[in-house]
4 protein chains.
Amino acid sequence: MSSPIIFRMRVRYYETDQMGIVHHSNYIRWMEEARIHAMRNGGVSLRTMEEEGIQVPVTSVSCEYLRPAHFDDVICIEILPRRYNGVRMELDYRILREETGELLATARSGHCFLDTGTGHPVGMKRRAPAFHRILCGMFSNTEGKDG
Amino acid sequence: MSSPIIFRMRVRYYETDQMGIVHHSNYIRWMEEARIHAMRNGGVSLRTMEEEGIQVPVTSVSCEYLRPAHFDDVICIEILPRRYNGVRMELDYRILREETGELLATARSGHCFLDTGTGHPVGMKRRAPAFHRILCGMFSNTEGKDG
Amino acid sequence: MSSPIIFRMRVRYYETDQMGIVHHSNYIRWMEEARIHAMRNGGVSLRTMEEEGIQVPVTSVSCEYLRPAHFDDVICIEILPRRYNGVRMELDYRILREETGELLATARSGHCFLDTGTGHPVGMKRRAPAFHRILCGMFSNTEGKDG
Amino acid sequence: MSSPIIFRMRVRYYETDQMGIVHHSNYIRWMEEARIHAMRNGGVSLRTMEEEGIQVPVTSVSCEYLRPAHFDDVICIEILPRRYNGVRMELDYRILREETGELLATARSGHCFLDTGTGHPVGMKRRAPAFHRILCGMFSNTEGKDG
């Protein structure tokens, strides 16, 4: 992931609110959609991870809203891997309106890895070495990657 | 349930859309919230049922939208038990604006009962006799109740 | 629209519920997404209609749930125009899992056309003749089309 | 608001995801519900503000997820006013499970005030002095309050 992975989507009507703009909570959902897409494309399917007993819950989110998104806008979400150490993962996001190139929001999410059975954190290096290697590659130009 | 059970709630901002009214999909969610509330109050906790390995998925929904609901409106949802035969359950709903008494929508939902482990339908009379008796009581003034 | 218009999407994680399947309310949202897509592709942009002062609220929905959809499934939604008379519009939907071709749900939605300013119903033939002609074409193999 | 305002709600089924916990995006919606409730109770109705042509969009959110919330849990949300200067407003949130008193999440949101007509920021002191005075009172034990 030296260059950001981009996820593209069109704003759905049900995502608007009575201010006539996208409700702010939907950006948090878009981040998830974009993140899962980016991981799938990189070879780390969340579906498969869950089938193998690993969950990837969100431990933190933040979002700065700069300009409103509107119904029918095509939105581009850039995913920028920030940190992965085998136990925790952090990603940054830039959310843009495709037509104008305007930056609508910047965001960040944090994640850990849990064993579905025990509910306890797992170290990916031992628990899921194949996924661990792919994630290390995705985050190779970022700070930490061991664990 | 000879008299309808009433669930009361206030329209949330995030439920509006850019027409300035509640998005129609949220009525389907309100029906669920009202139904689970009514069942809990009647002694049939969905949480407990799920802990005992029974799921109650929705098999059908329909809703007629008569007047729009708005942000901050207090909404009353009347639950009218329609049919329960130990294998399937059907409920009717009347959704009203409390302040004016206007009828905003009428709706119906259908449900079955599944064993969480097998995913197969269960007959409540054998699988969960205590819940079955309560449900029979709730639906006592309606058509079918055996199964 | 002699042949159905197909909308394709992938189930998002946030659309699942604790039964491990897609929450039934999301099918109502998918129907909207598919309907708006089909109309846009046919030349009737909801965004443009709203900019010209016409709203297209939902007056009824119904959905029969046959099989559950799961996270990451690719879903195909077939839109089948059912009725359009210049004042009201009705569409049918078939929701399928792409990989297996299984029919997951069948559904229907009803709509009217309102003047944004007055909130009153409008006849499309006079109010928006260009859109009216396109809609007549879309619904040409169905029952009513005047109004 | 020297003591925090508390909003109480029960987790809805549709808010869960297939990890069997509340989807993280819903906390952002709960914050809105709690915030609007707290403001209404304090004498600042968002409905009235919007009717008077003032919108209160979200400019930033953040949330740290400490423990998962589950279906049917009763949730208490403490609203802690953080900053209000007549132009911007910031609130903190503590989200707890009522039964156990466990802290599930801490969060923050930032807001500005816009004129609905122009879309431009407004200073509340001139544009809506009555609301401004109430907000000053609510935030009286916090840092800034002029503007």
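Details of the structure are given in the entry above.
Each chain has its residues counted from 1, running along the sequence as written. Working convention: letters from A go to chains and numbers from 1 go to ligands, in the order in which they are written. Totals for whole chains, interfaces and linings use every residue, but because this is a predicted model, local features are given only for residues with pLDDT of at least 70 and side-chain atom pairs only at 80 or more, for both listing and counting. Water and hydrogen atoms were dropped before computing side-chain values, which therefore reflect all heavy atoms in the structure.

J.: Hey, could you go over the overall build of chain A for me, with residue numbers and the actual values?
T.: Helix and strand definitions here come from DSSP, where helices need a minimum of 4 consecutive H or I residues and strands a minimum of 2 consecutive E residues; each element is numbered from the N-terminal end. Assigned secondary structure in chain A consists of four helices and seven strands. When the helices and strands of chain A are read in sequence order from the N terminus, they spell out β-α-α-β-β-β-β-β-β-α-α. As defined in this context, the radius of gyration uses C-alpha atoms, and a globule is described by 2.2 Å times the residue total to the power 0.38. At 16 Å, chain A has a C-alpha radius of gyration in line with the 15 Å of a compact globule built from 147 residues. Each principal axis of the C-alpha atoms in chain A carries an extent, and together these give about 50 × 30 × 20 Å. Taken across its 147 residues, chain A has 60% of its residues classed as buried. Residues count as neighbours in contact if any of their non-hydrogen atoms are within 4.5 Å of one another. Across chain A, every contact between residues at least 6 apart in sequence was considered, and the portion connecting residues at least 24 apart equals 67%. Accessible area of chain A: about 5,900 Å², with a carbon and sulfur share of 48%. For chain A, the distance from the average site of its 19 positive side-chain charges to the average site of its 19 negative ones is 6 Å. Relative accessibility decides the category of a residue: with a 1.4 Å probe and only protein chains considered, values under 20% of the type maximum give buried, values over 50% give exposed, and everything between is partly exposed. Computed with the Shrake-Rupley method and a 1.4 Å probe, the accessible areas treat only the protein chains shown as cover for residues. As used throughout, the charge tally considers Lys and Arg to be positive and Asp and Glu to be negative, leaving His and the chain termini uncounted. Think of each charge as sitting on NZ of Lys, CZ of Arg, CG of Asp or CD of Glu.

J.: An account of the packing of helix H1 (residues 25–42) of chain A against helix H1 (residues 25–42) of chain D is needed here, citing residue identities and associated values.
T.: Between H1 of chain A and H1 of chain D, the least distance of the axes is 8 Å, while the angle of their chain directions is 175°. What the angle tells us is that H1 of chain A and H1 of chain D run roughly antiparallel. Here H1 of chain A contributes Ser25, Asn26, Ile28 and Arg29 of chain A to the contact with H1 of chain D, which in turn contributes Ser25, Asn26, Ile28 and Arg29 of chain D. Residues that form the contact of H1 of chain A with H1 of chain D fall into these classes: two nonpolar, four polar and two charged. To obtain each axis, a line is fitted to C-alpha atoms, and for helices this fit is confined to the stretch in contact; angles are then taken between N-to-C directions over 0 to 180 degrees. Angle categories are assigned with fixed cut-offs, so that under 35 degrees is roughly parallel, over 145 is roughly antiparallel, 65 to 115 is roughly perpendicular, and the rest are oblique. For this classification, the nonpolar set comprises Ala, Val, Leu, Ile, Met, Phe, Trp, Tyr, Cys and Pro, the charged set comprises Asp, Glu, Lys and Arg, and every other residue, Gly included, is treated as polar.

J.: Pulling in residues and values, what's your account of the pairing of strand E4 (residues 74–84) of chain D?
T.: All names here are of chain D. The element E4 is largely enclosed, with a buried count of eight among its eleven residues. Direction of pairing for strand E1 (residues 5–10) relative to E4: antiparallel, over a ladder of six bridges. Residue pairing for E4: Ile6 is matched across the bridge by Glu78. In this description, strands pair whenever DSSP reports at least two bridges between them. When E4 meets strand E5 (residues 88–97), the two strands line up antiparallel, connected through nine bridges. Across the sheet, residue Ile75 finds its bridge partner in E5, namely Arg97. Hairpin connection, E4 to E5: the antiparallel pair is bridged by three residues, and Gly86 has positive phi, about 85°.

J.: Kindly report on the interface of chain A and chain D, identifying the contributing residues and their values.
T.: Interface extent is often summarised as the accessible area lost during association of the parts. With 21 residues of chain A at the interface, the matching set in chain D holds 21 residues. Reported buried area values correspond to the accessible surface (1.4 Å probe) lost by two parts on association, with both partners' losses combined. Both sides together, the interface formed by chain A and chain D hides about 1,900 Å², and carbon and sulfur atoms give 52% of it. For chain A, the biggest contributors to the area lost against chain D are Met19, His24 and Arg29 of chain A; these three give 27% of the whole. Whenever a carboxyl oxygen of Asp or Glu lies within 4 Å of a side-chain nitrogen of Lys or Arg, that contact is scored as a salt bridge. The interface formed by chain A and chain D includes zero salt bridges. In protein, a polar contact means a hydrogen-donor-capable atom and an acceptor-capable atom, both N or O and within 3.5 Å, with residues adjacent in sequence counting only if both atoms are side-chain atoms; elsewhere, any N or O pair within 3.5 Å suffices. For the interface between chain A and chain D, the tally reads twelve residue pairs in polar contact (both at pLDDT 80 or more). Where the side of chain A that touches chain D is concerned, the elements lending two or more residues are H1 and strand E3 (58–65) of chain A. For the side of chain A that touches chain D, a count of residues per class yields seven nonpolar, nine polar and five charged. Where E3 of chain A and strand E3 (residues 58–65) of chain D come together, five bridges link them in antiparallel fashion.

J.: Go over the packing of aromatic side chains with me, naming the residues and quoting the values.
T.: Ring pairs (aromatic) are described by centroid distance and by the angle formed between their planes. Stacked, tilted and edge-to-face are the three classes applied to pairs of Phe, Tyr and Trp rings, where Trp contributes its six-membered ring and a pair requires centres within 6.5 Å; stacked means planes under 30 degrees apart, edge-to-face means over 60, and tilted covers the rest. In the structure shown here, the tally under the stated rule is 20 aromatic pairs over all chains. Ring centres 6.0 Å apart and planes at 85° place the aromatic pair Tyr84 of chain B and Phe113 of chain B in the edge-to-face group. Taken as a pair, Tyr84 of chain B in strand E4 (residues 74–84) and Phe113 of chain B in the loop between strand E6 (103–112) and strand E7 (114–115) lie far apart in primary sequence, 29 residues in all. Judged by relative accessible area, which is 0%, Tyr84 of chain B ranks as buried. Note on Tyr27 of chain C and Tyr65 of chain C: the rings are 4.9 Å apart at their centroids and 90° apart in plane angle, and the pair reads as edge-to-face. With Tyr27 of chain C in helix H1 (residues 25–42) and Tyr65 of chain C in strand E3 (residues 58–65), this pair connects stretches of sequence that are 38 residues apart. By the burial criterion, Tyr27 of chain C is buried, and Tyr65 of chain C matches it.

J.: Provide a residue-level description of the interface of chain B and chain D, including the pertinent values.
T.: Contacts between the two partners involve 18 residues from chain B, matched on the other side by 18 residues from chain D. In total, about 1,800 Å² of surface goes out of reach between chain B and chain D, with carbon and sulfur atoms giving 48% of it. The three residues of chain B that bury the most area against chain D are Tyr13, Tyr14 and Arg47 of chain B, which together make up 35% of that side's buried surface. Ionic pairing is found between Arg12 of chain D and Glu33 of chain B, a salt bridge with its closest N-O pair at 3.2 Å. Taken together, the links from chain B to chain D amount to 14 residue pairs in polar contact (both at pLDDT 80 or more). Sorting the residues of the side of chain B that touches chain D by element identifies helix H1 (25–42) and helix H2 (46–51) of chain B as the ones contributing at least two each.

J.: Which residues make up H1 of chain B, and what are the values?
T.: To estimate the expected span of a helix, subtract one from its residue number and multiply by 1.5 Å. For H1 of chain B, with 18 residues, the first-to-last C-alpha span of 26 Å sits near the 26 Å given by 1.5 Å per residue. Once H1 of chain B ends, the next one or two residues include Gly43 of chain B, with phi positive near 105°.

J.: Would you mind going over the relation of the copies chain B and chain D in detail, with residue names and values included?
T.: Overlaid copies result from least-squares superposition on C-alpha atoms, with residues included only where pLDDT is at least 70 in both. When chain B is brought onto chain D, the operation consists of a screw motion whose angular component is 180° and whose axial shift is 0.0 Å, with 0.0 Å RMSD remaining. What we have between these two chains is a two-fold relation. Measuring from the rotation axis to each C-alpha of chain B, the shortest distance belongs to Met9 of chain B, at 5.2 Å. Comparing interface residues between copies, 100% of those in chain B also lie at the interface in chain D; the contact surface is shared.

J.: Go over the pattern of salt bridges with me, naming the residues and quoting the values.
T.: Applying the stated criterion across every chain yields a total of 60 salt bridges over all chains. For Glu98 of chain B, the salt bridge identified is with Arg8 of chain B, shortest N-O distance 2.7 Å. Of this pair, Glu98 of chain B sits in the loop between strand E5 (88–97) and E6 while Arg8 of chain B sits in strand E1 (residues 5–10), and the two are 90 residues apart along the sequence. Through salt bridges with shared partners, one network takes in Arg12, Glu15 and Glu33 of chain A together with Arg12, Glu15 and Glu33 of chain C.

J.: Could you give an account of the sheet that holds strand E1 (residues 5–10) of chain C, naming the residues involved and the relevant values?
T.: Spatially, E1(B)-E4(B)-E5(B)-E6(B)-E3(B)-E3(C)-E6(C)-E5(C)-E4(C)-E1(C) is the arrangement adopted by the ten strands of the open sheet, whose pairing is antiparallel. At either end of the open sheet lies a strand with only one pairing partner, and these are E1 of chain B together with E1 of chain C. Shown here is a sheet whose adjacent strand axes are inclined to one another by a mean of 20°, direction ignored. Bridge analysis of strand E3 (residues 58–65) of chain B against E6 of chain B gives seven bridges, and the strand direction is antiparallel. Looking at E6 of chain B, one finds that Ser62 of chain B is bridged to Arg108 of chain B. Strands E3 of chain B together with E1, E3, strand E4 (74–84), strand E5 (88–97) and strand E6 (103–112) of chain C of the sheet are contacted by H1 of chain C, whose axis makes an angle of about 120° with E3 of chain C.

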